[in-house]
Amino acid sequence: MNSRAASFDDLDRKIVTALMANARTSFAEIGAAVGLSSTAVKRRVDRLRETGVITGFTATVRPSALGWRTEAYVEVYCEGAAPPRRLAEVVRNHPEIAAAMTVTGGADALLHVRARDVEHFEEVLERIRAEPFIRKTISVMVLSHLLPESPEAGATQAAPESASGKPFFTQ
């Protein structure tokens, strides 16, 4: 990310909004909607990427199509003060963790976990709890998404597999 301050005007906001709605929208289509040429839109998108406003482009996929059929949020409570850097190291070792953040309140962190099924989720939870500084966890299973179009309802990666090509933790 470029350290210089980026100007962000109403046209940039409209371009970003269009790309968030559909990242495959052509620069010509966006330009027609916001009153710019496709070349001007491309220059603005390039600048927005360079300055870190746009961080990437992804596809949103129905999680069950990728093998993720179970979803939960896990509150993590640590012994003492676990630094966010240490928590980040731990969550990177669990491919089932779709998102992780430190939070205010009683918990130290909140994890968004996707798993193939309840048994797989239980195994993931056991691995998380095995970390020496984890005191306890509280889990909440997701039953349905009330906003199915939201990014949280989609998956960004397929269910993990072992080195042999078989899904983790299958018997």
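Below you will find a few notes about this structure.

Each value, and the rule that gives it
- Residues numbered from 1 in each chain as written.
- Predicted model: local features only at pLDDT ≥ 70, side-chain atom pairs only at ≥ 80, totals over all residues.
- Heavy atoms only, no water.
- Phe/Tyr/Trp six-rings, centres within 6.5 Å; stacked < 30°, edge-to-face > 60°.
- Lys NZ or Arg CZ within 6 Å of the ring centre and 35° of its normal.
- 1 Å grid on protein atoms, 1.4 Å probe; cavity = no way out; pocket = protein on both sides within 12 Å on 5 of 7 lines; lining within 4 Å.
- Points joined across faces, edges and corners; volume = space filled by probe spheres on them.
- Helix = DSSP H or I, 4+ residues; strand = E, 2+ residues; numbered from the N terminus.
- Nonpolar A, V, L, I, M, F, W, Y, C, P; charged D, E, K, R; others polar.

**Here's the deal with the packing of aromatic side chains**
Applying the stated criterion across every chain, the model contains zero aromatic pairs. The side chain of K136 reaches across the aromatic face of Y77, ending 4.7 Å from its centre.

**Side note on empty space enclosed by the protein**
What the rule picks out here adds up to one cavity of 30 Å³ or more. Taken as a whole, the largest cavity holds about 30 Å³ of empty space. Every residue along the wall of the largest cavity is listed here: V76, L87, V90, V91, I97, L111, I128 and I134. A per-element tally of the lining of the largest cavity places helix α4 (residues 84–92) first, with three residues.

**Let's talk about the layout of surface pockets**
What the largest pocket holds in volume is close to 830 Å³. Along the wall of the largest pocket there are 31 residues; nearest its centre are M20, T58, A59, T60 and P151. At the level of elements, α1 (10–21), β2 (97–102) and β3 (109–115) are the ones that each hand at least two residues to the lining of the largest pocket. Of all the elements, α1 adds the most residues to the lining of the largest pocket, at four residues. Of the residues that constitute the lining of the largest pocket, the class distribution is 16 nonpolar, 10 polar and five charged. What the second largest pocket holds in volume is close to 190 Å³. Contributing to the lining of the second largest pocket are 15 residues, with P63, W68, E71, R114 and H145 lying nearest its centre.

Interpretation note: all reported values are geometric properties and have no functional meaning in isolation.
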